[in-house]
Amino acid sequence: MIQRVNMLRSNSRVHIFVFLVFLLVLFGGIYIDLGYDSSTFSFCQPCNEGSEPDVKSIMAKVMEDIVGPTECQEKGSWKIENLTMQNGVKYAQPSTQQGRTDVNSVTNWNVPLVWEGTFDPVVIDVIYKKMDPRIAVVVFAVGKYTRFLEAFLQTGEKYFMVGFRVTYYIFTDHKEEVPNINLGEGRKISVLDVPSATRWQDVVLGRMKWATIAIDKQIRNESDYLFMMDIDSVFHNRFGAESLSQLTGVLHRLYYKNFNRDQFTYERRNLSRAYIPLDEGDYYYTAAVWGGYLEDMYKLVKYCYMQSEEDAKNNIEAVWQEESHLNKYLLYNKPTKVLSPEYLWSDYNEVPEDIKVVRISQLVKNYAEVRPNGGQ
Ligand SMILES: CC(=O)N[C@H]1[C@@H](OP(=O)(O)OP(=O)(O)OC[C@H]2O[C@@H](n3ccc(=O)[nH]c3=O)[C@H](O)[C@@H]2O)O[C@H](CO)[C@H](O)[C@@H]1O
Ligand SMILES: [Mn+2]
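What counts and what doesn't
- Residues numbered from 1 in each chain as written.
- Chains lettered and ligands numbered in written order.
- Predicted model: local features only at pLDDT ≥ 70, side-chain atom pairs only at ≥ 80, totals over all residues.
- Near = placed C-beta within 6 Å.
- Helix = DSSP H or I, 4+ residues; strand = E, 2+ residues; numbered from the N terminus.
- Nonpolar A, V, L, I, M, F, W, Y, C, P; charged D, E, K, R; others polar.
- UniProt positions renumbered as here; feature names shortened; annotations may be inferred.
- Contact = placed C-beta atoms within 7 Å.
- Pairing = 2+ DSSP bridges.
- Axes fitted to C-alpha atoms, helices over the stretch in contact; angles between N-to-C directions.
- Buried ≥ 20, exposed ≤ 12 C-beta atoms within 10 Å, placed from the backbone.
- Core = buried A, V, L, I, M, F, W, Y, C linked by C-beta atoms within 7 Å.

### Focus: the site of ligand 1
Point 1. Taken together, 23 residues lie around ligand 1, and Val-142, Tyr-145, Asp-230, Ile-231 and Ala-287 are the ones closest in.
Point 2. Residue assignment for the shell around ligand 1 shows that the elements contributing at least two residues are β2 (134-141), α5 (200-217) and α7 (321-332).
Point 3. Here the shell around ligand 1 is composed, by residue class, of 13 nonpolar, 5 polar and 5 charged.

Structural data, given as structure tokens:
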């Protein structure tokens, strides 16, 4: 009898054990099926469900190692582009054999390097108009630079993101000098006050501070993409949705070919937060046009502001102000699209064979006359 009771006891122990193992396997299966694999437990939670392995967060970790901790991206602050289009749109068949062969149209981290002939504007417009993004353009016109507003806005209306919703945020110390321009449908101007300056260096760096504040206060609620641009610029040809991406940099016209990375005008003094060693670097990017998703741009603009504040504490100013900090950031946080110098040329330079279309050109200006403290 006692033996039977013992047997029964050990039988039910075996049952309980088998049942527990079954439960373990069942819940384990459900857990893995839901996608909670080990990659979820990274230092930065993925910002978007269903996104690809998060390159941004890997870069953020690299960045953290190099320049100190950066904030984790806010949840839902970035999204994978949704490249859908309606049926029945007619456009030229894309070729796997023909395309630009005189220039490289992909970076070594495998994102597009955009030149004329590498995209079909019909396809691009159909895709992006479906998303109907709100695009912010931040420009500064401080002191005598208000003289550049008219041509910038007039030509912007002709060539910049035509058919899209655009708001020009004009930061100025001379509101009364903002011209009246006829804007296309869905396009606006918003004028913001900034103080006058006695050094042009303070204006170019100050752009990072005032833009950070304005994004926090206003722009964040009104825009999906943001571009920072110089005002001494004139549009000459289409500057369209092919430029949109999470983070877009533009190659500086002076250094895009025939330059070794050790010749780039990066900041080379290691006392500055913008320091880049001679044996590092991909490209030299201009600070006169750069853009991306609102939150990614916010992070980058704020980064340039914070880094330049750190520099100021150490009594140093980066050699090309915010452009130096921008270049440092884009080296360790690779842009998701790189635009050729078509997107920022200059009237100072002849247009070479590989630049088929000049989309923006910087004006020739008398630096000594237009800047508060003169100088080149
Ligand atoms: C083509 C290019 O790479 N341009 C960059 C370059 O010189 P740039 O010679 O192009 O600089 P710039 O004189 O155009 O100044 C940059 C911008 O700051 C604004 N501004 C400047 C001074 C002033 O008194 N009032 C005013 O409003 C204005 O929007 C102007 O377009 O270097 C600057 C920093 O050193 C910036 O990085 C510029 O983006
Ligand atoms: Mn300029």
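### A few points about the UniProt feature "binding site: UDP-N-acetyl-alpha-D-galactosamine" (unreviewed entry) in the chain
Point 1. On the UniProt side, "binding site: UDP-N-acetyl-alpha-D-galactosamine" (unreviewed entry) is annotated at positions that read Phe-140, Ala-141, Val-142, Tyr-145, Asp-230, Ile-231 and Asp-232 here. Spanning 93 residues, the annotated positions come together in the fold, the maximum distance between their C-alpha atoms being 11.4 Å.
Point 2. Here Phe-140 shows up in strand β2.
Point 3. Filtering out sequence-adjacent residues up to four positions away, Phe-140 remains in contact with Phe-171, Val-203, Arg-207 and Ile-231.
Point 4. Along the chain, the position of Asp-232 falls in the loop between β5 (225-229) and β6 (233-235).

### Some thoughts on the sheet that holds strand β11 (residues 360-362)
Point 1. The sheet built from 3 strands is open, its strands ordered β6-β11-β10 with mixed pairing. What marks the edges here is a single partner per strand, and that holds for β6 and β10 (345-346).
Point 2. Pairing analysis gives 2 bridges linking β10 to β11, with the strands arranged parallel. Bridge assignment links Ser-346 to a residue of β11, and that residue is Gln-362.

### A look at the sheet that holds β5
Point 1. Read from one edge to the other, the open sheet built from 8 strands follows the order β1-β9-β7-β8-β5-β2-β3-β4, with strand pairing classed as mixed. Of all strands in the sheet, those bounded by a partner on one side alone are β1 (113-114) and β4 (187-193).
Point 2. Packed on one face of the sheet, helix α6 (residues 294-313) meets β5, β7 (247-250) and β8 (289-293) and runs near 130° to β8.

### Overview of the UniProt feature "binding site: an alpha-L-fucosyl-(1->2)-beta-D-galactosyl derivative" (unreviewed entry) in the chain
Point 1. Under the feature "binding site: an alpha-L-fucosyl-(1->2)-beta-D-galactosyl derivative" (unreviewed entry), the UniProt entry names His-252, Thr-265 and Glu-323. Spanning 72 residues, the named residues form one tight spatial group whose C-alpha atoms are at most 10.6 Å apart.
Point 2. With respect to the element layout, Thr-265 can be found in the loop between β7 and β8.
Point 3. On the basis of neighbour counts, which here come to 15 C-beta atoms within 10 Å, the residue Thr-265 falls in the partly exposed class.
Point 4. Setting aside residues no more than four positions away along its own chain, Thr-265 makes contact with Tyr-284, Val-319 and Trp-320.
Point 5. Summarising the element assignment, Glu-323 is placed in helix α7.
Point 6. Sequence-distant contacts of Glu-323, defined by excluding residues within four places in its chain, comprise Thr-286 and Ala-287.

### Observations regarding the pairing of β7
Point 1. Residues Leu-247 and Gly-249 point to one face of β7 and Thr-248 and Val-250 to the other, with burial holding for every one of them.
Point 2. As defined by bridge partners, β7 adjoins β8 across 2 bridges and the pair is classed as antiparallel. Counterpart to Leu-247 in the pairing with β8 is Gly-292.
Point 3. Here β7 pairs with strand β9 (residues 337-339) via 3 bridges, running parallel. Its bridge partner lying in β9, Thr-248 is registered against Lys-337.

### Quick notes on the environment of Ile-124
Point 1. Structurally, the position occupied by Ile-124 is in helix α3 (residues 121-131).
Point 2. Note: C-alpha distance between Ile-124 and Met-85 (39 residues apart in sequence) is 9.5 Å.
Point 3. Apart from the residues within four sequence positions on either side, Ile-124 is in contact with Phe-119, Gly-240, Ala-241 and Glu-242.

### Structural notes on the nonpolar core
Point 1. One finds Val-137, Val-138, Val-139, Ala-141, Val-289 and Val-301 to be the most contacted residues of the largest nonpolar core, which totals 75 residues.
Point 2. Among the elements that line this core, the one with the most residues is α6, at 8 residues.
Point 3. If near-sequence neighbours (up to four positions away) are discounted, Val-301 is found in contact with Met-208, Ala-211, Thr-212 and Met-228.

### Here we look at the pairing of β5
Point 1. Across the 5 residues of β5, 5 count as buried, placing the element largely inside the fold.
Point 2. Both faces of β5 are covered, namely the face carrying Tyr-225, Phe-227 and Met-229 and the face carrying Leu-226 and Met-228.
Point 3. In terms of strand pairing, β2 meets β5 through 5 bridges, oriented parallel. Looking at the pairing, Val-139 lines up with Met-229 of β5.
Point 4. Relative to β8, β5 runs antiparallel, the two sharing 5 bridges. Bridging from a neighbouring strand, Met-229 pairs with Val-289 of β8.

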